Amino acid sequence: MLVMGAFALGLFAESVAGLKWTAPAAWKNEGSRPMRAATYVVPATAGDKDNAECVVYFFGAGQGGGIEQNIDRWKGQFQQDGKPAPAKVNKKTIHGIPVTTIDISGAYTGMGGPMSQDKTPRPGYRMLGAILEGPGGNVFIKFAGPTKSVAANQSVFDKMVDSFQKER
């Protein structure tokens, strides 16, 4: 198998909920934590102070809420000019897996996840998200950070999402 860019040589390093994927080699994997199947630190791009973070969440079969509920929650974590930020939401299928994606920018209040008490708005942030309907339940991917860092790594994120497939 020919693999391009920052990906390992076709080895699937990660799996959850009956899905497996190829982790970006250039992103630092901090491993799993409660509710997090994987946490990746994405180094800041020149001009950004903070690193970005990409988290693959799995809450259990039937857990974590529905797709629209999560898209609405993610939309609620961004504001522009004191109002909810506009978002691009799309649906597609990857290797037979239904996927809903979101791309949103603005002042971000969702750092630390849903259980965090820190809701301080961070202006100039962007989030790329994906919800994959896996055989074992929904898998939620949230890639958030300073706009430049997320933009510089968008193709890496897209390749990671596109690498998801059902375990055999």
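Use the structure listed above.
Residues numbered from 1 in each chain as written. Predicted model: local features only at pLDDT ≥ 70, side-chain atom pairs only at ≥ 80, totals over all residues. Heavy atoms only, no water.

Novice: Can you explain the pairing of strand S11 (residues 137-146)? Please cite residues and give values.
Specialist: Burial runs high along S11: 10 of the 10 residues are buried. Sheet topology note: the strand S5 (residues 52-57)/S11 ladder contains 5 bridges and is antiparallel. In the sheet register, cysteine 54 faces S11, and the bridge partner there is phenylalanine 143. Relative to S11, strand S10 (residues 122-134) is paired through 10 bridges, and the arrangement is antiparallel. Within the sheet, the bridge partner assigned to leucine 128 lies in S11 and is phenylalanine 143. (Buried < 20%, exposed > 50% of the residue type's maximum accessible area, 1.4 Å probe, protein only. Helix = DSSP H or I, 4+ residues; strand = E, 2+ residues; numbered from the N terminus. Pairing = 2+ DSSP bridges.)

Novice: Can you break down the side chain of threonine 100 residue by residue, with the values?
Specialist: Relative to the elements of secondary structure, threonine 100 occurs in strand S9 (residues 97-108). Overall, threonine 100 belongs to the buried group, its relative accessible area being 1%. Among the polar contacts made by the side chain of threonine 100, one reaches the side chain of lysine 91 at a distance of 3.1 Å. With sequence-adjacent residues up to four places away left out, threonine 100 is seen in contact with Ile67, Ile71, Val89, Asn90, Lys91, Gly129, Ala130 and Ile131. (Polar contact = N/O pair within 3.5 Å; in protein donor to acceptor, adjacent residues only side chain to side chain. Contact = heavy atoms within 4.5 Å.)

Novice: For the pairing of S10, give the residues involved together with the corresponding values.
Specialist: Regular strands show a simple pattern: their side chains alternate between the two faces of the sheet. Pairing of S9 with S10 involves 9 bridges; the strand directions are antiparallel. Bridging across to S10, threonine 100 finds its partner in isoleucine 131.

Novice: Please provide a residue-by-residue account of the nonpolar core, values included.
Specialist: If you look at the biggest cluster of nonpolar residues, it comprises 29 residues, and the most contacted ones within it are Ile141 and Phe157. Listing elements by their share of this core, those giving two or more residues are strand S2 (19-21), strand S4 (36-42), S5, S9, S10, S11 and helix H3 (154-163). What phenylalanine 157 contacts, discounting residues up to four positions off in sequence, is Trp27, Cys54, Leu128, Gly129, Ala130, Ile141 and Phe143. Counting 15 residues, the second-largest nonpolar core is a separate cluster that includes Tyr57, Trp74, Phe78 and Tyr108. (Core = buried A, V, L, I, M, F, W, Y, C linked by side-chain atoms within 4.5 Å.)

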